[in-house]
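Breakdown of the fold
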Amino acid sequence: MKCPVCDLEGTICRCRTEVEGDDSPAAATRVFTVQDVSCRNPQCEQYGKVVHTLRHLIYAKQGGGESADGSDVQG
Ligand SMILES: [Zn+2]
């Protein structure tokens, strides 16, 4: 990912994980790896700032609240 100002290839400065839908069993759960890309050109006004954010979907699960592995307890 290049810096839009100086066109130099940026560097990944931070990596984190984000989860969507985790607070509701009825909603689909999706987990992303999020990477912040910053400019590494000291001459650039964006130096050290985040110029791109990359999101990679690493896990997805359909909502509905039913377990798919047959481990539901009855009685
Ligand atoms: Zn730059």
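Before any of the text, the structure's been laid out above.
Residues numbered from 1 in each chain as written. Predicted model: local features only at pLDDT ≥ 70, side-chain atom pairs only at ≥ 80, totals over all residues.

**Notes on unusual backbone geometry**
- The phi angle at Asp 7 is positive, at roughly 65°, despite the residue not being glycine.
- With respect to the helices and strands, the residue Asp 7 is situated in the segment before β1 (11-20).
- Look at Asp 7 and you get exposed, because 10 C-beta atoms sit within 10 Å. (Helix = DSSP H or I, 4+ residues; strand = E, 2+ residues; numbered from the N terminus. Buried ≥ 20, exposed ≤ 12 C-beta atoms within 10 Å, placed from the backbone.)

**Here's the deal with the pairing of strand β2 (residues 29-38)**
- For β1 and β2, the ladder comprises nine bridges, and the chain directions are antiparallel. Directly across from Arg 16, in β2, lies its bridge partner Val 34.
- With 10 bridges connecting them, β2 and strand β3 (residues 50-61) associate as antiparallel partners. Across the sheet, residue Val 37 finds its bridge partner in β3, namely His 52. (Pairing = 2+ DSSP bridges.)

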